[in-house]
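Report on the structure
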Amino acid sequence: WNNNIMTFLESTEKPITILGLMSGTSMDGLDCGLFNIKLDNDYNLAWQCLDFETIAYNSKVKDIIRAALSGDYLRGKIADNMLGQIFSIYVEKFLDGRAVDLIGSHGQTISHNDGKSNWQVGDPQYLHNSLNIPIVYNFRTSDINAGGKGAPLTPFLDWLLFRNSNEDIITLNIGGISNVTFIPASGEREKVQGFDTGPGMALIDECARKCFTRNMDEDGQFSKSGQVVPEILDTLMNHPFIHRNPPKSTGRSDFSEMMVDQILADFPGESHENIIRTLVVFTAKSISLNIEKHLNFNALQTRIIISGGGVNHPVLMDELIKKSGRHSITSSTKMGIDPNMKESLLMAVLAAAYRRQLPANMVNVTGANELVVLGELYKGN
């Protein structure tokens, strides 16, 4: 990361200022990252973070999103309209008059049918009307149209950041859903691997909400006193997605509040602390199994760099070390990046790639038939 910043400072090419917006599967808020970005036609990236903030959603906004997850078209359109307005309000507050050249907005995923369709809500017209800035959005559809899964998107950024590191690296992002990327020491794009492994914080957060009326299991306050329930863990580990071969991607359609509801119904006498601890272990075990099963790497020489909200959950981190048998798991903080900031940086970089019309999908990751430019440009009516 520091080399990227030095390159950025020494280069004479003028950067562009891009706002990256991400509303993730954790549904906790809108990540707003303001960056100076340089990306050339040879995929050399330099970046500098000017500001970052996650603006939390209130309970009403979360209810709008959860209602849209039902798959009902009308509720989806309501969420699209409402979140578009909310994003505009949040962004105006965040920018506070600062100049921006371009916006990359992911929106909020409410539907992801692996390799067939996806739907991100958050109508960009409101942002454009209030700021009159070009907006790049809808980053997944062109990959799906090219025969890919449309996800995950993170391996593109990971490749840009680590392709010149001269060592094998695994990056792990634990948001609502977990995904991994393997970047070989050679840095060859066609040898990069990546896929979703299953749940990240999604089930843990849903259990905290249902069982303890909290938004999350902060600092493992509930799970640390629980014990694993083997019958529940075995059932969860038999979920077909966990054992599916890549390319693969998932979302809350597979790991939703309905799964937590089913566990609570099937085990009515089990303590809630034990259930949430079991969900923590399931998340760690599903990540470790997928890394071991699908990534070809030297365990002694490969570094694992972790980002996302899950890095702040101490019980999950402890379980991940136990299940993976590795102690060299490094937070991206030590690499110079806030673990919570990475997805907003991804959106800014994808917008920069669109601006140069650079293909940003990773065909070995998504299974697409060809390299394609990701995103659409919203310029208003």
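See above for the structure.
All of these numbers come straight from a predicted model, not from anything done at the bench. Starting from 1, residues in each chain are numbered consecutively following that chain's sequence as written. Totals for whole chains, interfaces and linings use all residues, but because this is a predicted model, local features are given only for residues with pLDDT of at least 70 and pairs of side-chain atoms are given and counted only at 80 or more. Just so you know, side-chain values use all the structure's heavy atoms and leave hydrogens and water out.

**Some remarks on the overall build of the chain**
A run of DSSP states H or I qualifies as a helix once it reaches four residues; a run of E qualifies as a strand once it reaches two. Both are numbered from the N-terminal end. Check the secondary structure of the chain and you find 14 helices and 12 strands. With C-alpha atoms as the basis for the radius of gyration, the globule rule is written as 2.2 Å multiplied by the number of residues raised to the power 0.38. Over its C-alpha trace the chain gives a radius of gyration of 20 Å, about what one expects of a compact globule, namely 21 Å for 381 residues. Seen through its principal axes, the chain has C-alpha atoms that stretch 60 × 50 × 35 Å. Within the span of the chain, comprising 381 residues, buried residues form 57% of the whole. Between buried and exposed lies partly exposed: a residue is buried under 20% and exposed over 50% of the maximum accessible area for its type, with that area taken using a 1.4 Å probe on protein chains only.

**Topic: a nonpolar patch on the surface**
Taken together, Leu 74, Ile 78 and Met 82 make up a surface patch of nonpolar side chains, about 280 Å² in accessible area. Mapped onto the elements of the fold, Leu 74 is located in helix α3 (residues 73-95). What makes Leu 74 exposed here is its relative accessible area of 58%. Candidate patch residues must exceed 30% relative accessible area and have no salt bridge, after which like charges are joined if within 9 Å and Val, Leu, Ile, Met, Phe, Trp or Tyr side chains if within 5 Å. Every accessible area reported is derived by Shrake-Rupley at a probe size of 1.4 Å, with residue values counting cover from the shown protein chains alone. For salt bridges, the criterion is a side-chain nitrogen of Lys or Arg within 4 Å of an Asp or Glu carboxyl oxygen.

**A closer look at empty space enclosed by the protein**
Grid points spaced at 1 Å and placed over the protein atoms alone form the basis of the search, with a cavity being a set where a 1.4 Å probe fits but cannot get out and a pocket an open set showing protein on both sides within 12 Å along at least five of seven lines. Lining residues have an atom within 4 Å of a point. Grid points are joined across faces, edges and corners, and a volume is the space filled by probe spheres set on the points. Here the structure, examined in full by the defined rule, presents 2 cavities of 30 Å³ or more. If you add up the space inside the largest cavity, you get close to 40 Å³. Nonpolar residues are Ala, Val, Leu, Ile, Met, Phe, Trp, Tyr, Cys and Pro. Charged residues are Asp, Glu, Lys and Arg, and all others, Gly as well, are polar. Here the residues of the lining of the largest cavity sort into 7 nonpolar, 2 polar and no charged.

**Quick word on helix α6 (residues 154-162)**
Among the 9 residues that make up α6, 9 are buried, leaving the element largely enclosed by the rest of the structure. Along α6, the residues that are buried comprise Thr 154, Pro 155, Phe 156, Leu 157, Asp 158, Trp 159, Leu 160, Leu 161 and Phe 162.

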